[in-house]
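Structural characterization, general
Letter by letter, the chains look like this.
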Amino acid sequence: MNKNILLMADVVSNEKGVDKDIIFDALEAALASATKEQHGDESDIRVAIDRETGEYESFRRWTVLEDDSEDFEFPERQIKLTYAEKEHPGIQVGAVIEKKIASVDFGRIGAQRAKQVIVQKVREAERAQVVEAYKDRVGELLTGLIKRLERGAVIVDLGGNAEAIVPREHLIPREPARPGDRIRGFLYEVSPQVRGPQLFLSRTLPQFLMELFKIEVPEIAQGLIELKGAARDPGLRAKIAVQAKDKRIDPVGACVGMRGSRVQSVSNELAGERVDIVPWDENPAQFVINAMAPAEVENVVIDEDSHAMSIGVVEDKLAQAIGRGGQNVRLASELTGWVINVMTTSDLESKKDEENRGILEMFMGELDVDAEVASVLVDEGFTTLEEVAYVPTEELLQIEEFDEAIVEELRSRAQDVLLTKAIAKAERAADVAPAEDLLAVEGMSEELAYALAAAGVVTAENLADLATDELLELAELDETSAQNLIMAARQKVYA
């Protein structure tokens, strides 16, 4: 019978490619389970199999606890210290006492039970091997055969007992998938699971597109072309940004290939997804212009504070620039990382003129200068008092209309205004500060919030309780702005 144990360990280990120790552990667990039936299910049994001879011994075990321990609940596997010391002087709490008992005959173990334990152990070992084999391969493309479809997801056989899953949300919409078909995916996660596949593949992530180009374009693998990013609307359209490390190489042409062969191969893998190849540029505005292709951008206005760009296109190209369902501008925004607002050239010019008017009036009021001087500042790209106050004097002197005296006067006035505002802000903070929810009301400025707080309107709820005429008495607002602020506060408080 001992030979049967060794033979079983050899056969299962060879068939499943699992270490023999795992098989022996499973057999020991099966023998221990059978032995428990003779001594009570609450007992603690250990079985040790000699890996060389197949001989095995069984032991009953008790854990030593303090005499007054509240954990003493199972005398079948626990023993109090006083009783343990009678046979084992000097034994410590927490130690385990073992007593050799008669072993169950291996041939009498229920075959089904032994099989279940062994199968479970082998399965666990196989799954651990899969995790170990693939944990360092996250970010690679894997190819396998579709094994089955499961609640909209695809189970992929990768060979060697390895299975992967392509979740429904990571499948390209409307792409046919049939058992037996070959499929490729991007390994984005290896997650040990008790049941089911542990490898997760995607066909919709931008990284999948980038890895496909690495395969199709040798210049990328050689490091001559760098992929800077990608954005996708899976199955419909994608944009990928490329940069040549060697100026003699055309990155777009290399990725397109002879007669479009390379990009077409990628598109075929993506169920016909159209791919725009965009030249990357270190100038954000130029990069956005490139990303908006095929739409032609006429002009760009950059808002650094909100990390947004407003771009103007001719009116008859507006629909093309936006794309169906906003697809083109959305993908360009994802690719560049900038919020992109598309409008006609005339609308953009009107918006720019309106913004410039506001800046012009601000300079005239804050710096106490005439429209001519304020216009020069606006035309030169100045938008804030801080820029006037702290830009190097040399830059201001480069403006043709300004001499040294004007520059010094403008800087001095700007610095004085900023200092006055800082002092006023500090004084307001020392008095009554507005609550965070008041500052967060839509349309609220910090200056207005402090003014209201000084008048006793400290919270959004205080503002929500006001009537329009009451707010008009407290702040310099027009009636429409006052109504909008009160409605915004009420929505925030009572929504």
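On a predicted model such as this, the values are computed, not experimentally measured, just so you know.

**Re the sheet that holds strand β6 (residues 153-159)**
With respect to topology, five strands assemble into a closed barrel ordered β5-β6-β7-β9-β8, the strand pairing being mixed. Strand after strand, the sheet turns through a mean of 50° between neighbouring axes, direction not considered. Judged from the five bridges that link them, β6 and strand β7 (residues 162-166) form a sheet pairing that is antiparallel. Following the sheet pairing, Gly 159 is matched in β7 by Ala 162. Contacts from helix α5 (residues 206-216) reach β5 (141-150), β8 (182-190) and β9 (199-202), with the element oriented near 120° to β8.

**A short note on the nonpolar core**
One finds Leu 209, Phe 213 and Ile 240 to be the most contacted residues of the largest nonpolar core, which totals 24 residues. When contributions to this core are tallied by element, the ones reaching two or more residues are α5, β10 (225-233), β11 (237-244), α7 (251-256), α8 (261-269) and β12 (274-279). No other element matches α5, which puts five residues into this core. Those residues in contact with Leu 209 that sit more than four places away from it in its chain are Ala 230, Arg 232, Ala 238, Lys 239, Ile 240, Val 266, Leu 270 and Val 275. Counting 22 residues, the second-largest nonpolar core is a separate cluster that includes Val 369, Val 376, Leu 377 and Ala 389.

**Structural notes on the pattern of salt bridges**
Enumeration over the complete set of coordinates arrives at 24 salt bridges. A salt bridge links Glu 150 to Arg 148, with the shortest nitrogen-to-oxygen separation between them at 3.1 Å. Look at Glu 150 and you get partly exposed, because its relative accessible area is 27%. Judged by relative accessible area, Arg 148 falls into the partly exposed class, the value being 31%. Connected through salt bridges with shared partners, the residues Asp 44, Arg 46, Arg 61 and Glu 98 form a single ionic network.

**Focus: the packing of aromatic side chains**
In the structure shown here, the tally under the stated rule is two aromatic pairs. Residues Tyr 188 and Phe 200 carry aromatic rings whose centres are separated by 6.4 Å and whose planes lie at 55° to one another, so their mutual orientation is tilted. Taken together, the residues span a long stretch of sequence, with Tyr 188 in strand β8 and Phe 200 in strand β9 at a distance of twelve residues. By relative accessible area, which is 15% here, Phe 200 ends up buried. Here Lys 80 stacks its cationic end above the ring of Phe 72, 5.1 Å away from the centre of that ring. Residue placement shows Lys 228 over the ring face of Trp 280; its charged tip is 4.4 Å from the ring centre.

**Observations concerning the environment of Asn 328**
Looking at the element boundaries, Asn 328 is found in helix α11 (residues 327-336). In sequence terms Asn 328 and Lys 239 are 89 residues apart; their C-alpha atoms lie 9.0 Å from each other. Apart from the residues lying within four places of it in its own chain, the contact partners of Asn 328 are Arg 237, Lys 239, Met 292, Ala 293, Pro 294, Ala 295, Gln 320, Ala 321, Ile 322 and Gly 323. Polar side-chain contacts of Asn 328 include one of 3.2 Å to the backbone oxygen of Met 292.

**Overview of unusual backbone geometry**
In this chain, Ala 293 is followed by Pro 294 through a cis amide linkage whose omega measures 15°. Structurally, Pro 294 can be placed in the loop between α9 (284-291) and β13 (299-303). Phi at Ala 271 is positive, roughly 60°, even though this residue is not glycine. Note that Ala 271 resides in the loop between α8 and β12. On the basis of relative accessibility, which here comes to 39%, the residue Ala 271 falls in the partly exposed class. Phi at Asp 368 takes a positive value of approximately 55°, unusual for a residue other than glycine. Topologically, Asp 368 is positioned in the loop between α12 (345-367) and α13 (371-379).

Quick notes on the rules
Residues numbered from 1 in each chain as written. Predicted model: local features only at pLDDT ≥ 70, side-chain atom pairs only at ≥ 80, totals over all residues. Heavy atoms only, no water. Pairing = 2+ DSSP bridges. Helix = DSSP H or I, 4+ residues; strand = E, 2+ residues; numbered from the N terminus. Axes fitted to C-alpha atoms, helices over the stretch in contact; angles between N-to-C directions. Contact = heavy atoms within 4.5 Å. Core = buried A, V, L, I, M, F, W, Y, C linked by side-chain atoms within 4.5 Å. Buried < 20%, exposed > 50% of the residue type's maximum accessible area, 1.4 Å probe, protein only. Salt bridge = Lys/Arg side-chain N within 4 Å of Asp/Glu carboxyl O. Phe/Tyr/Trp six-rings, centres within 6.5 Å; stacked < 30°, edge-to-face > 60°. Lys NZ or Arg CZ within 6 Å of the ring centre and 35° of its normal. Polar contact = N/O pair within 3.5 Å; in protein donor to acceptor, adjacent residues only side chain to side chain.

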